[in-house]
Amino acid sequence: MNDPTRKQSIFSRTARTVTTSSLVLGAFALSAGCATQQGAGPAASAPAGAAAGDPASPAGAAAPAQTNLLKASSFDDNKSLPWTTSFTAPGAGSAEVKNGAYCVTVTNKGSNNWDAQFRHREMVIQKGHTYTVEFKAWASAPTKARPKVGMAGPPYTEHWANPIELGTSPKAYSAKFTMSSADDPTAELAFHIGGEMATAKTPFEVCIDDIRLDDPEFKAAATEAAAAAPKVAVNQVGYLPDAIKIASVNNAATAPLAWELLDRGGKAVASGQTKVFGKDGASGDHVHLVDFTTFKTAGEGYVLKVGDDKSFPFDIGAGLYKKLKYDALAYFYHNRSGIEIKLPFAGKAELARPAGHPNDKATPCLKGSGCDYTVDASGGWYDAGDHGKYVVNGGISVWTLLNWYERTKHLGASGADFADGKLSIPENKNGVPDILDEARWELELFLRLQVPEGKPLAGMVHHKMHDDEWTGLGLAPHEDKIARSVHKPSTAATLNVAATAAQCARIWKTVDAAFSAKCLKAAERAWAAAKQNPALYAPPGGDKGGGPYDDKNVADEFYWAAAELFVTTGKPEYKQFLQASPLNAKFPTEADGVVASMTWKTTDALGQISMAVVPGPVDAAWQKQLRDRIVKAADQYLAVAEKEGYRTLVQRTRDGKYEWGSNSFVLNNMIVVALAHDFTKQQKYLDGVVLGMDYLLGRNPLGQSYVTGYGDKPLENPHHRFWAHQANSKYPKAPPGIVSGGPNSSIQDPHAQSAGLKGCVAQRCFVDHIEAWSVNEITINWNAPFAWVAGFLDEKAKK
């Protein structure tokens, strides 16, 4: 999920077994038994079992480095990855490297040992191998800790565990165990320091150093240091022949530099001088710009050279986004709930899976939510990295796909690219445009979540449904056995359904009249119910198993819903509502404190765009006014790009930050700029969309393509339960065409915090790791605008 109020995940109560292992502690051995515990953390380490013993004897001589499974044993470089913390509410705290040691401060010990913990993952424990654990540890006040080696996910089998006493001076500990069960490719070494382990008064601090997990039979694989970002940053996919071509160069020179464009054979085919941009606040770089727009010759393998620095190779051609637009849309099929994901539609065998959550067909309401019935909450799309389904996030996603359909119909020329038979989905031979089939999968869920007649709050829509506890990484939807609940209705969710069901009614009128009528009835019921319950808000705070998606300002949702209903029906009551709304006076250019027009939480722009695009009840003068406002907003976003060294369409907040999902702000601003091109046909707006795509595909200070499968340095490890190959090799890697949320100055997750990102400059607050959920999550409402703009650029390239 992409709700920035998310903190730490929580696992459900699950039985787990402690492996019987030989544990050598000084001169005596202990044998672990079996235990059942409760779990922990977001994709977190599970709670430990019942292995017990006294503190181990002092550590002996260090083993050879190549036998150590740990990737960080000492912390003299001021970095701690892959060591991270996990705090399960009410457990709380933080970690940092102090004087060459990894120190964890506990401010709330929680109820269970595992409510406060730190751990190291990314290693394999092998059957029959004997392991030595060695470390130094101490605390700010006498307390206990429980180190353990075990599985990082269900069933949380433990291979070794031992409580220890910690004093205020560093003490060396040593222990051995032999692995007796099958190889564990998901092992972690974790220290549980909460609950009854925490005998010190909070806040207290626990530190470790010189920690090793040695296996004499293990040989560390040779690893290459991560390549530095190229100084010459380009769109790693390429450039359209008839659009702007800009590269950004990180170079401290204060005078222009010579550049050359080299073809695949290394021959210079264009040259010139850079333009000195200067210090770029969002990246911290001193930037030069290379403009090679006048070079239009199609080809592959071009390289831009500035001094001794070279870019990644890239292409120039009209077909750059032909496949990308389909890959971006395939995200939605892959994340469908309640249907088998199968070949040939899945693309690869490893991406196929059984239907997820079949029991959603009869989902109970959350205890205390006020409803006494079960809800058919089957179908729809999984929202993000977890298995939740959220109406307010699904609403803007559905709107974006349907808006693309309406935009191509009324303003574009690529409708045939999204017709029946174009997408790799099971419905691609039913005579209906495939993009509508995909959107309908979510719309059907929305209709099922509407409270039936005769029940309290009839016509309102349940806000969300998800697991009752957080689940871990490496979990296919059909493997998720956690109980799930539907949460109480909200005004925001109800208005999302009023808006998207109204869209549905007008679009399906000539496609499926019965479904159109069903949508219109649901939309008007939802509108009436929301008017009767205008302030029924989703509660804030971190629900177990899902994010709150709370929103206490629904004036924008009312405006959006009224706009869609007016475009569909032409009824005076909706027009009157719109014209009486203060939101009707301008097109928004600030959302959640960011210079942007729309998010899941800020939606009045969606209604204005629909009225500007779709002909019908909106008269010519009003529609022109709306279009002019959108063009004005696009001009503002182009002005933002002019002030950015990496020419992106988003600027830092007033306090110098990038917010959660910063790439989504880029994408939604790209839609506004693209619409300005549709309305005016001016080249500068097409170029503005290109600039946004350039940033996402590698023309950024990290040289990072934020899209899976595209570029020389593509996104590889997004935060996702099923596409979890990095966490567990039995699960697949993510398919191509998926965009990451990207840099986030707040770096809320422990992995990003441990990656040395504290105090990072906005565009550098990113790490491509599956555990880094605050910077590397993926969601339906981010891939929807990505598909929209990829389709737009592909359409424009054909002209």
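Calculation criteria
Residues numbered from 1 in each chain as written. Predicted model: local features only at pLDDT ≥ 70, side-chain atom pairs only at ≥ 80, totals over all residues. Heavy atoms only, no water. Helix = DSSP H or I, 4+ residues; strand = E, 2+ residues; numbered from the N terminus. Rg over C-alpha atoms; globule rule 2.2 N^0.38 Å. Buried < 20%, exposed > 50% of the residue type's maximum accessible area, 1.4 Å probe, protein only. Areas by Shrake-Rupley, 256 points an atom, 1.4 Å probe, with all protein chains shown as cover. Lys, Arg positive; Asp, Glu negative; His and termini not counted. Charge placed at Lys NZ, Arg CZ, Asp CG, Glu CD. Disulfide = S-S within 2.5 Å. Phe/Tyr/Trp six-rings, centres within 6.5 Å; stacked < 30°, edge-to-face > 60°. Lys NZ or Arg CZ within 6 Å of the ring centre and 35° of its normal. Pairing = 2+ DSSP bridges. Salt bridge = Lys/Arg side-chain N within 4 Å of Asp/Glu carboxyl O. Expected span 1.5 Å × (residues − 1). Contact = heavy atoms within 4.5 Å. Polar contact = N/O pair within 3.5 Å; in protein donor to acceptor, adjacent residues only side chain to side chain.

**Here's the deal with the overall build of the chain**
- When helices and strands are counted, the chain shows 14 helices and 32 strands.
- For 799 residues, the compact-globule estimate of 2.2 N^0.38 gives 28 Å, and the chain sits close to it at 27 Å.
- Each of the three principal axes of the chain carries a C-alpha extent, and together these read 90 × 75 × 45 Å.
- Within the chain, the proportion of its 799 residues that are buried is 62%.
- When the accessible surface of the chain is summed, it comes to about 28300 Å², and 52% of that surface belongs to carbon and sulfur atoms.
- Of note, the chain has its 83 positive side-chain charges centred 3 Å away from the centre of its 84 negative side-chain charges.

**Some thoughts on the state of the cysteines**
- Under the definition given, this model contains 4 disulfides.
- A sulfur-sulfur distance of 2.0 Å marks the disulfide that ties Cys504 to Cys519. Its S-S torsion of approximately 70° makes the covalent link between Cys504 and Cys519 right-handed. Note that Cys504 is positioned in helix H4 (residues 491–507) and Cys519 in helix H5 (residues 513–532), a separation of 15 residues in sequence. Of the two residues examined, Cys504 and Cys519, each falls in the buried class.
- Put simply, Cys760 and Cys765 are joined by a disulfide, and their sulfur atoms are 1.9 Å apart. Classification of the bridge connecting Cys760 and Cys765 rests on its S-S torsion, roughly 110°, and on that basis the disulfide is right-handed. For the pair formed by Cys760 and Cys765, the shared burial category is buried.
- Ordering the disulfide-forming cysteines of the chain by sequence position, one finds them joined as 1-2, 3-4, 5-6, 7-8.

**Side note on the packing of aromatic side chains**
- Counted by the stated rule, this structure contains 36 aromatic pairs.
- The interplanar angle of 70° and the centroid separation of 6.0 Å between the aromatic rings of Tyr331 and Trp723 together place this pair among those described as edge-to-face. A residue pair is termed long-range when its members are at least 10 positions apart, and Tyr331 in helix H1 (residues 322–334) and Trp723 in the loop between helix H11 (683–696) and helix H12 (750–754) qualify at 392 residues. We note that Tyr331, like Trp723, is buried.
- Taking the centre distance of 4.8 Å and the plane angle of 70° together, the rings of Tyr549 and Trp600 count as edge-to-face. Here Tyr549 is found in the loop between H5 and helix H6 (555–569), whereas its partner Trp600 is found in the loop between helix H7 (572–580) and helix H8 (604–613), with 51 residues between them in sequence. Residues Tyr549 and Trp600 agree in their burial class; the two are buried.
- Taken together, the ring pairs connect Phe75, Trp83, Tyr102, Phe118, Phe135, Tyr173 and Phe191 into an aromatic cluster.
- The ring of Tyr326 is capped by Lys325, whose NZ or CZ atom sits 4.3 Å from the centre of that ring.

**Overview of the pairing of strand S23 (residues 299–306)**
- Note that strand S19 (residues 258–262) and S23 share 4 bridges and pair antiparallel. Across the sheet, the residue bridging to Leu262 is Val303, located in S23.
- Pairing geometry for S23 and strand S25 (residues 314–316), over 2 bridges, is antiparallel. When the bridges of S25 are listed, Tyr302 appears paired with Phe314.

**What about the pattern of salt bridges?**
- The final tally for this structure, using the stated rule, is 41 salt bridges.
- Note that Lys325 is salt-bridged to Asp417, the shortest N-O span being 3.9 Å. A residue pair is termed long-range when its members are at least 10 positions apart, and Lys325 in helix H1 and Asp417 in the loop between helix H2 (391–410) and helix H3 (434–448) qualify at 92 residues. Across the pair, Asp417 and Lys325 agree in class, each one buried.
- For Lys455, the salt bridge identified is with Asp372, shortest N-O distance 3.9 Å. Separated by 83 residues along the polypeptide, Lys455 in the loop between H3 and strand S29 (461–462) and Asp372 in the loop between strand S26 (363–364) and strand S27 (374–375) bring together distant segments of the chain.
- Taking relative accessible area as the criterion, Lys455 reaches 33% and is therefore assigned partly exposed.
- The exposed category is assigned to Asp372, whose relative accessible area is 68%.

**Quick word on H11**
- Taking 1.5 Å per residue as the helical rise, H11 with its 14 residues ought to reach 20 Å, and the 20 Å between its terminal C-alpha atoms agrees with that figure.
- Buried residues dominate H11, accounting for 12 of its 14 residues.
- Along H11, the residues classified as buried are Tyr685, Leu686, Asp687, Gly688, Val689, Val690, Leu691, Gly692, Met693, Asp694, Tyr695 and Leu696.
- Turning to H11, the residues buried within the fold contact strand S17 (238–239), strand S18 (246–250), helix H9 (620–642), helix H10 (662–680) and helix H14 (780–797).
- Positioned one or two residues after H11, Gly698 has a phi angle of 130°, which is positive.

**Description of the sheet that holds strand S16 (residues 232–233)**
- Read across the open sheet, the 4 strands follow the order S16-S18-S22-S21; overall the sheet is antiparallel. Unpaired on one side and paired on the other, S16 and strand S21 (275–279) mark the two borders of the sheet.
- Here S21 pairs with strand S22 (residues 286–291) via 4 bridges, running antiparallel. Across the sheet, Lys275 pairs through a bridge with Leu289, a residue of S22.

**Focus on the side chain of Ser740**
- Relative to the helices and strands, Ser740 is located in the loop between H11 and H12.
- A distance of 3.2 Å separates the side chain of Ser740 from the backbone nitrogen of Gly742, its partner in a polar contact.
- A distance of 2.9 Å separates the side chain of Ser740 from the side chain of Asn776, its partner in a polar contact.
- Those residues within four positions of Ser740 in sequence are excluded, and the remaining contacts are Asn663, Tyr706, Leu715, Phe766, Val775, Asn776, Glu777, Ile778 and Trp782.

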